[in-house]
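Take a look at the letters that make up each chain.
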There are 2 protein chains.
Amino acid sequence: MTRNARFIDERITLKYGTGGGSMRALIEQVFAKGLGDVGDDGIGLAAMDDGAAIRIGDQYLVIATDSHVVQPIEFPGGDIGRLAISGTVNDLAMMGATEPLALTCAVIIEDGFPRDDLKRIWESIRATCEEAGTTIVTGDTKVMGHGELDGLVLNTTGVGLTKRLVSDAGLRAGDKILVTGTMGDHGLAIMATRNELALETTLESDVAPVHTLVRRALDVGGEGVVALKDPTRGGLSSALHEMAEKSGVGIILDETAIPLREEVRAVGELLGIDPLVSANEGKAVFGLRPDCAEAVLDAVRSHPLGRNAAIVGECVSERPGFVVLDTGFGSRLLAEAEGELLPRIC
Amino acid sequence: MTRNARFIDERITLKYGTGGGSMRALIEQVFAKGLGDVGDDGIGLAAMDDGAAIRIGDQYLVIATDSHVVQPIEFPGGDIGRLAISGTVNDLAMMGATEPLALTCAVIIEDGFPRDDLKRIWESIRATCEEAGTTIVTGDTKVMGHGELDGLVLNTTGVGLTKRLVSDAGLRAGDKILVTGTMGDHGLAIMATRNELALETTLESDVAPVHTLVRRALDVGGEGVVALKDPTRGGLSSALHEMAEKSGVGIILDETAIPLREEVRAVGELLGIDPLVSANEGKAVFGLRPDCAEAVLDAVRSHPLGRNAAIVGECVSERPGFVVLDTGFGSRLLAEAEGELLPRIC
C-alpha cells in the first residue's frame, strides 16, 4: 500500500488540484488506470513524472503538458502567458530535454474577454518563447459563455528530444539535494496579490524558463545528476515527497540552508502559508551524487537564474518516502500542501 | 488582403470560437504573430492546418492539440472523453500521421464534480485509446472553483510520425472532393440534446477515430491524395472554405451528392441550422487528383466508417477561395458558420 492509496471522495474538490497526495491518488486510481504504458525503455503515465518519454531511434521524445488557470492572469513578475511557456519548457528540461523543440498552445476564452488584454498576454507568450528559443507551432481556440469560464485558460504542451533521460526517482542514500534559488516566490506573490498586499511588498513571481540552467548543470554533473524536479504546485515539499517516495529514500532537509527571500517569509507568516509548500515557477530541485554536488552547485550559481542556489538536504535510508525538516533546534516531519489553501496558483 | 483581414472586436465573443472567419482572423492577427515558424520543410502555425509538422531526420513529427468544452459532456453517440481522443487522433491523421504515437491529456475539473462521472468519462477515454491503438502518456490536473468553470474541460495533444505530409492546401482545378460519410451528425446531435429533442430522434454523434480509414485511402491513392481536412467546427462549409482559400481554387459542391441522414436534415430544419455548417467528429474531407478519385472512393467505402462516402464536388479555377453550392436547380455561394449559433459543440 502506497501513500497514495487513499479514498477518492464522491466529489472532486479543490484539494485534488493542489499537487499533493489527493491529486496523486486521483491520477493513480482514475487517470492512469489502464493507460500510459510506453514500454520498459521510456517514462509513461504511471511514473507521474514532469512529463513522458518515448524511445525514437537513438533518442527519446519527451512530452509535457500543463493547463494554466492562474488567477489573476497578470501578477507581479509575470502573467499567465509567461507562466504557460516557462512551465512547459521547464517540465521538458526536468526530464533532460533542455532544448525545447516546439510547443502547442490551446486557449479557452470567456465570452466578453477584452481583445487588448489578450494581445498583451500574447506578446508575453511571444517574448517568453523567444527567450526560451522555441515557438508555438499549432494551437486551438475555444470561447465559453460568461459564467461558464472565469477569464482565460491556456494549455501548453511541449516536445523535446534528448539522448539521456533524467527522472525524478533516481535518489539513493548519501545523495545531495540542491535547489537552484529562493523557495516559494511565485505562490506567495500570487497570494499577496489576491490578498491586496501587493502594494506593500516588492514580492515578485520567479516565473522563468530555466532550461539553460539545467543544461549547464547536466554538462558539469553528467551522470551524477540523478534526479530533477520542478517544485511548482505543492512547492519544495511536494517535490521532495514525490522524489523520496519514488526513490525509496528519506530526505533530511536543513531548514537553515534553504534560500528564502525576507518578503516571502514575512508574507508567508502574515497569510499562514509555509513557503515550502508554496509554488515556484523558475526553480529546479536536483538530486546529486555526493562527488559532483559542489561542482554542480558552482555551475548553477554561475547562471543568472541560479545565483542563490544551495545544497539543502541529504538522502538517507531511514524513513523512506518521508521528508524530515532539521530546524537546527530539533527535527519534525515536513507537511505537504493539502486542503484548499492555494487554488489557481498556476 | 485576405478574407481573414477583418477587424477584431474590442471584446472576444462566442463567434470567435465557431471555427469560421472571425476565429481565423483572431489566429492570424493575434496568435500567429511572430510565432510558429518551423522552416521551409514543415507545417507551422501560420498554415492554420489541423496540426503542425517538424522535420526530424527522414520523417516528420506531427503535433496537434485541441481543448474540448462540449456541453453536455455526455450525448447520444459519445461523450467528451471519446470526443477528445478521436479529435486528436483525427487531427494527426489529417496531416498524414495515421499511426498516433502518444497523446497527452490535461483535465480541468469544476469543484464538486462527481467522482463517478469522472470515472465514466475516463473509461470512455481508455476504451477509445484502445480502439485507436494509442495511449495517454502524461497529463495535468487542475480544479477550478464553482462558478469559475462549468463542469469539465479536457485538452488532448497528440504526436505522430510520418514520412509523407498531407496538408489541407494541395488542391488545383479539376481535383475531386470526397467526404467519407454523412455530414453534420455530431453538431446536430448535440443541438438536439440541448433543445430536448433527443428523445424524439435517433440522431447520434458520429464521433470516432478515423485514422485507419485515412490510412487505407492513402495506401490506395498515394500522391493522388493531395489534401485532407477534418470537418469539425464550422462543418463541411468551413473545411472547404479553408481548403479553397489556401489552395487558391474555387469549389463547386453538388448538393444532391452530399450524404445526409434524414434525421439530420429534419432536426436541422427544425432548429434552423444548416447541416453543412454543423460539426462532424468521425469524418474526413479528401482532395483527390481525378485519376485516383474512384479508386479512393472504393477503398473508403470498404471501411466500416466510410460506407456512405461520396464524391461531392470539384475544384475550379474560377472564384478562388469561394464555395459554390449547385442545388440542381441553380447555384449559390455556400455560407460559413458565423455568429453565436453553436457554442461548445466540441
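Residues numbered from 1 in each chain as written. Chains lettered and ligands numbered in written order. Predicted model: local features only at pLDDT ≥ 70, side-chain atom pairs only at ≥ 80, totals over all residues. Heavy atoms only, no water.

Our next topic: the overall build of chain A. Within chain A, the regular secondary structure consists of 8 helices and 17 strands. Relative to the compact-globule value of 20 Å for 346 residues, chain A shows a C-alpha radius of gyration of 19 Å, a close match. The contacts of chain A with a sequence gap of at least 6 include a subset with a gap of at least 24, amounting to 83%. Of the accessible surface of chain A, which amounts to about 12000 Å², a share of 49% is contributed by carbon and sulfur atoms. Across chain A, the 32 positively charged side chains and the 52 negatively charged ones have centroids separated by 2 Å. (Helix = DSSP H or I, 4+ residues; strand = E, 2+ residues; numbered from the N terminus. Rg over C-alpha atoms; globule rule 2.2 N^0.38 Å. Contact = heavy atoms within 4.5 Å. Areas by Shrake-Rupley, 256 points an atom, 1.4 Å probe, with all protein chains shown as cover. Lys, Arg positive; Asp, Glu negative; His and termini not counted. Charge placed at Lys NZ, Arg CZ, Asp CG, Glu CD.)

Before going further, it helps to spend a moment on the relation of the copies chain B and chain A. Look at the two chain copies: a rotation about an axis and a shift along it is all it takes to match them. Rotating chain B by 180° and moving it 0.0 Å along the rotation axis overlays it on chain A with an RMSD of 0.0 Å. Given the turn and translation reported, the copies of this chain are related as if by a two-fold rotation axis. It is B:Leu149 whose C-alpha, among those of chain B, lies nearest the rotation axis, at 2.3 Å. In this assembly, 100% of the residues forming the interface of chain B have copies in chain A that are likewise at the interface, indicating an isologous arrangement. (Least-squares fit on C-alpha atoms with pLDDT ≥ 70 in both.)

This next bit is on the sheet that holds strand 2 (residues 42-43) of chain B. In a beta sheet, neighbouring strands are held together by backbone hydrogen bonds and run either parallel or antiparallel to one another. Residue and element names in this part refer to chain B. With mixed pairing, the 6 strands of this open sheet are ordered in space as 2-3-4-10-7-9. The strands lining the two open edges of the sheet, one partner per strand, are strand 2 and strand 9 (136-144). Alignment of strand 7 (residues 100-110) against strand 9, held across 8 bridges, turns out to be parallel. Across the sheet, Ala106 pairs through a bridge with Asp140, a residue of strand 9. Here helix 3 (residues 115-132) sits on the sheet and contacts strand 7, strand 9 and strand 10 (152-162); the angle it forms with strand 7, its principal contact strand, is near 170°. (Pairing = 2+ DSSP bridges. Axes fitted to C-alpha atoms, helices over the stretch in contact; angles between N-to-C directions.)

If you look at the interface, chain B gives 76 residues, while chain A gives 76 residues. For the pair chain B and chain A, the two sides together bury roughly 6300 Å², of which 68% comes from carbon and sulfur. Across the chain B-chain A interface, the total number found is 6 salt bridges. With a shortest N-O distance of 3.2 Å, A:Asp140 and B:Arg233 are connected by a salt bridge. Summed over the shared surface of chain B and chain A, the number is 33 residue pairs in polar contact (both at pLDDT 80 or more). Among the elements that take part in the side of chain B that touches chain A, strand 9 of chain B stands out by supplying 9 residues, more than any other. Of the residues assigned to the side of chain B that touches chain A, the class counts are 41 nonpolar, 18 polar and 17 charged. Pairing of strand 1 (residues 11-12) of chain A with strand 8 (residues 113-114) of chain B, which is carried by 2 bridges, proceeds in the antiparallel orientation. Residue pairing in the sheet places A:Arg11 in a bridge with B:Pro114 of strand 8 of chain B. (Buried area = accessible area lost by both parts, 1.4 Å probe. Salt bridge = Lys/Arg side-chain N within 4 Å of Asp/Glu carboxyl O. Polar contact = N/O pair within 3.5 Å; in protein donor to acceptor, adjacent residues only side chain to side chain. Nonpolar A, V, L, I, M, F, W, Y, C, P; charged D, E, K, R; others polar.)

This part covers the side chain of A:Asn280. Residues and elements named next belong to chain A. Among the secondary structure elements, Asn280 is positioned in the loop between helix 7 (262-271) and strand 14 (285-288). Among the polar contacts listed, one links the side chain of Asn280 to the backbone nitrogen of Gly184, at a separation of 2.6 Å. Of note is the side chain of Asn280, whose polar atom sits 3.4 Å from the backbone oxygen of Ser278. Residues contacting Asn280, with those up to four places away along its chain left out, are Thr182, Met183, Gly184, Asp185, His186, Asp206, Pro231, Thr232, Gly235 and Leu236.

Bringing the environment of A:Asp79 into the picture now. Residues and elements named next belong to chain A. Here Asp79 shows up in strand 6 (residues 78-79). Separated by 11 residues in sequence, Asp79 and His68 place their C-alpha atoms 10 Å apart. For Asp79, the contacting residues outside a window of four places in its chain are Ile73, Glu74, Ile121 and Ser124. At a separation of 2.8 Å, a polar atom in the side chain of Asp79 contacts the side chain of Ser124.

Taken together, A:Asp254, A:Glu255, A:Asp274 and A:Asp326 make up a surface patch of like negative charges. Inspection of the secondary structure assignment puts A:Asp254 in strand 13 (residues 250-254). (Patch = residues over 30% accessible without salt bridge, like charges linked within 9 Å, V, L, I, M, F, W, Y side chains within 5 Å.)

Below, the discussion takes up the domain arrangement of chain A. Note on interface size: it is often stated as the accessible area lost on association of the parts. Residues and elements named next belong to chain A. Here chain A is described as being made up of domain 1 (50-162) and domain 2 (176-333). With centres defined by C-alpha atoms, the gap from domain 1 to domain 2 works out at 23 Å. Across the boundary between the two partners, domain 1 contributes 24 residues, which contact 23 residues of domain 2. In total, about 1900 Å² of surface goes out of reach between domain 1 and domain 2, with carbon and sulfur atoms giving 62% of it. (Domains from an automatic or database assignment.)

Per the stated rule, a full pass over the model turns up 2 aromatic pairs over all chains. Between A:Phe31 and B:Trp122 the ring centres are 4.2 Å apart and the planes differ by 45°, which places this aromatic pair in the tilted class. Taken as a pair, A:Phe31 in helix 1 (residues 21-31) and B:Trp122 in helix 3 lie in two separate chains rather than in one. Judged on exposure class, the residue A:Phe31 and its partner B:Trp122 are both buried. (Phe/Tyr/Trp six-rings, centres within 6.5 Å; stacked < 30°, edge-to-face > 60°. Buried < 20%, exposed > 50% of the residue type's maximum accessible area, 1.4 Å probe, protein only.)

What follows is about the pairing of strand 7 of chain B. Regular strands place their side chains on alternate faces of the sheet. Residue and element names in this part refer to chain B. For strand 7, the tally of buried residues reaches 10 of 11 residues, placing the bulk of the element in the interior. Two strands pair when backbone bridges link them, and strand 7 and strand 10 are joined in this way by 9 bridges, in the antiparallel orientation. When the bridges of strand 10 are listed, Pro100 appears paired with Gly160.

So, about unusual backbone geometry. A cis geometry characterises the amide bond from A:Gln71 onward to A:Pro72, with omega recorded as 5°. A positive phi angle, close to 45°, is found at B:Met48, a residue other than glycine. As for its placement among the helices and strands, B:Met48 is situated in the loop between strand 2 and strand 3 (52-56). At B:Arg319, a position not held by glycine, the phi torsion is positive, near 50°. Within the secondary structure, B:Arg319 is located in the loop between strand 15 (310-316) and strand 16 (323-326).

On to the environment of B:His303. All names here are of chain B. Inspection of the secondary structure puts His303 in the loop between helix 8 (293-301) and strand 15. Of the residues examined, His303 reaches a relative accessible area of 7% and is grouped as buried. Once you skip the residues sitting within four places of it in the chain, His303 turns out to touch Thr212, Leu213 and Arg216.

With that settled, the discussion passes to helix 7 of chain A. Residue and element names in this part refer to chain A. Among all positions in helix 7, only Val264, Val267 and Gly268 are buried. In an axial view of helix 7, the angular spread of the buried residues amounts to 105°, which keeps them on one side of the axis. Pointing more than 90 degrees away from the buried face of helix 7 are the exposed residues Glu262, Glu269 and Leu270. Lining the buried residues of helix 7 we find helix 4 (185-194). Phi turns positive one or two residues past the end of helix 7, at Gly272, with a value near 70°. (Arc of directions from axis to C-beta.)

Counting buried residues in helix 1 of chain A gives 9 out of 11 residues, a clear majority hidden from the surface. Among all positions of helix 1 of chain A, only A:Gly21, A:Ser22, A:Met23, A:Arg24, A:Ala25, A:Leu26, A:Ile27, A:Val30 and A:Phe31 are buried. On the buried face of helix 1 of chain A, the contacting elements are strand 1 and helix 6 (235-247) of chain A together with strand 7, helix 3 and strand 9 of chain B.

By definition, a disulfide is the covalent link that joins the sulfur atoms of two cysteine residues. Residues and elements named next belong to chain B. All told, the structure shown has 0 disulfides over all chains when counted by the stated rule. Looking at Cys129, it has no disulfide partner, and the nearest cysteine sulfur is the one in Cys105, 8.3 Å off. Cysteine Cys315 is unpaired, with the sulfur of Cys292 as its nearest cysteine sulfur at 12 Å. Overall, the relative accessible area of 1% leaves Cys315 in the buried class. (Disulfide = S-S within 2.5 Å.)

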